[in-house]
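Examination of the molecular architecture
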Amino acid sequence: MKSIAKDLMLEALKTIIKTKKKTLGKITVNDIVEEADISKQTFYNYFHDKYDLFSYSVITVLHDNLMTSEKNACNFQETILNYYRTVIDEKNFYRSFIRDVSAREQIFSCIMEFSSSYFHRKALEKYGEGCVPEDVMLAIRYCSVGNAKLVIDWMMEQMERAPETMADITFRCIPPMLLPLV
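Residues numbered from 1 in each chain as written. Predicted model: local features only at pLDDT ≥ 70, side-chain atom pairs only at ≥ 80, totals over all residues. Heavy atoms only, no water.

1. Quick look at unusual backbone geometry
- The phi angle at Asp-37 is positive, at roughly 60°, despite the residue not being glycine.
- Mapped onto the elements of the fold, Asp-37 is located in the loop between helix H2 (29–36) and helix H3 (40–46).
- We note that Gln-158 has phi near 65°; this positive angle belongs to a residue other than glycine. (Helix = DSSP H or I, 4+ residues; strand = E, 2+ residues; numbered from the N terminus.)

Here you go:
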């Protein structure tokens, strides 16, 4: 369950990144509590340090973007396109994190897990519990890692390609045996 204080700190961090154009290394706990209009004690009630907030922020924003993208789509291709568009909307936020190795690994893991979960749900719908062929499960793992890598590379390249182009590339990279699932 999210807390109001955590949401305030997340929004404060996003505001600092967007309006003050500070890098993660330059953002301080003081900046965050001042922007969120909370006490330092409140900050430390929820987070060990600023890096703990950064980690929470990456996972929360990414998860929210992925869930919203899927909810507002009628198929996987539309989900992919919606996701790339939400990332563009949060461009400064993602750019501030993508150079950090730990944040990049968290983003990669989250995207990979989302993709894997999506395909796994679809495979269960098609084949039934305990009946998903092993080669389909391997293709899901392969595709999920590839999806995550495409997004990370795109972010690292400053998101120069249009979301529509990235969605098309991502969709065309889906292994043929998974296409009936989408």
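2. Thoughts on the nonpolar core
- Counting residues in each nonpolar core, the largest one holds 58 residues, and the members touching the most others are Met-9, Tyr-83, Tyr-94, Phe-97, Ile-107, Met-155 and Leu-178.
- When residues of this core are traced back to their parent elements, those giving at least two are helix H1 (4–19), H2, helix H4 (50–71), helix H5 (76–89), helix H6 (91–98), helix H7 (101–127), helix H8 (134–156) and helix H9 (163–172).
- Ranked by the residues each element gives to this core, the list is headed by H8, at 9 residues.
- Ignoring sequence-local partners within four residues, the contact set of Leu-178 consists of Phe-119, Val-136, Ala-139, Ile-140 and Cys-143. (Core = buried A, V, L, I, M, F, W, Y, C linked by side-chain atoms within 4.5 Å. Buried < 20%, exposed > 50% of the residue type's maximum accessible area, 1.4 Å probe, protein only. Contact = heavy atoms within 4.5 Å.)

3. Thoughts on H7
- Taking 1.5 Å of rise per residue, 27 residues should cover 39 Å, and H7 covers 38 Å from first to last C-alpha, within 8% of that figure.
- Where H7 is concerned, the buried positions are Ala-103, Ile-107, Cys-110, Ile-111, Phe-114, Ser-115, Tyr-118, Phe-119 and Ala-123.
- Of the surrounding elements, those touching the buried residues of H7 are H4, H5, H6 and H8.
- The N-terminus of H7 is capped by Asp-100, whose side-chain oxygen sits 3.2 Å from the backbone nitrogen of Ser-102.
- Once H7 ends, the next one or two residues include Gly-128, with phi positive near 95°. (Expected span 1.5 Å × (residues − 1). Polar contact = N/O pair within 3.5 Å; in protein donor to acceptor, adjacent residues only side chain to side chain.)

4. Remarks on the packing of H4 against H6
- At a closest axis distance of 11 Å, the pairing of H4 and H6 adopts a crossing angle of 135°. In terms of orientation, H4 lies oblique with respect to H6. As for how H4 packs across H6, the hand of that crossing is left-handed. Contact residues: H4 offers Phe-54, Ser-57, Val-58, Val-61, Leu-62 and Asn-65, while H6 offers Phe-93, Tyr-94 and Phe-97.
- Counted by class, the contact of H4 with H6 contains 7 nonpolar, 2 polar and no charged residues. (Axes fitted to C-alpha atoms, helices over the stretch in contact; angles between N-to-C directions. Parallel < 35°, antiparallel > 145°, perpendicular 65-115°, else oblique. Left-handed = near helix turned anticlockwise from the far one by under 90°. Nonpolar A, V, L, I, M, F, W, Y, C, P; charged D, E, K, R; others polar.)

Honestly, it's all geometry; don't read function into it.
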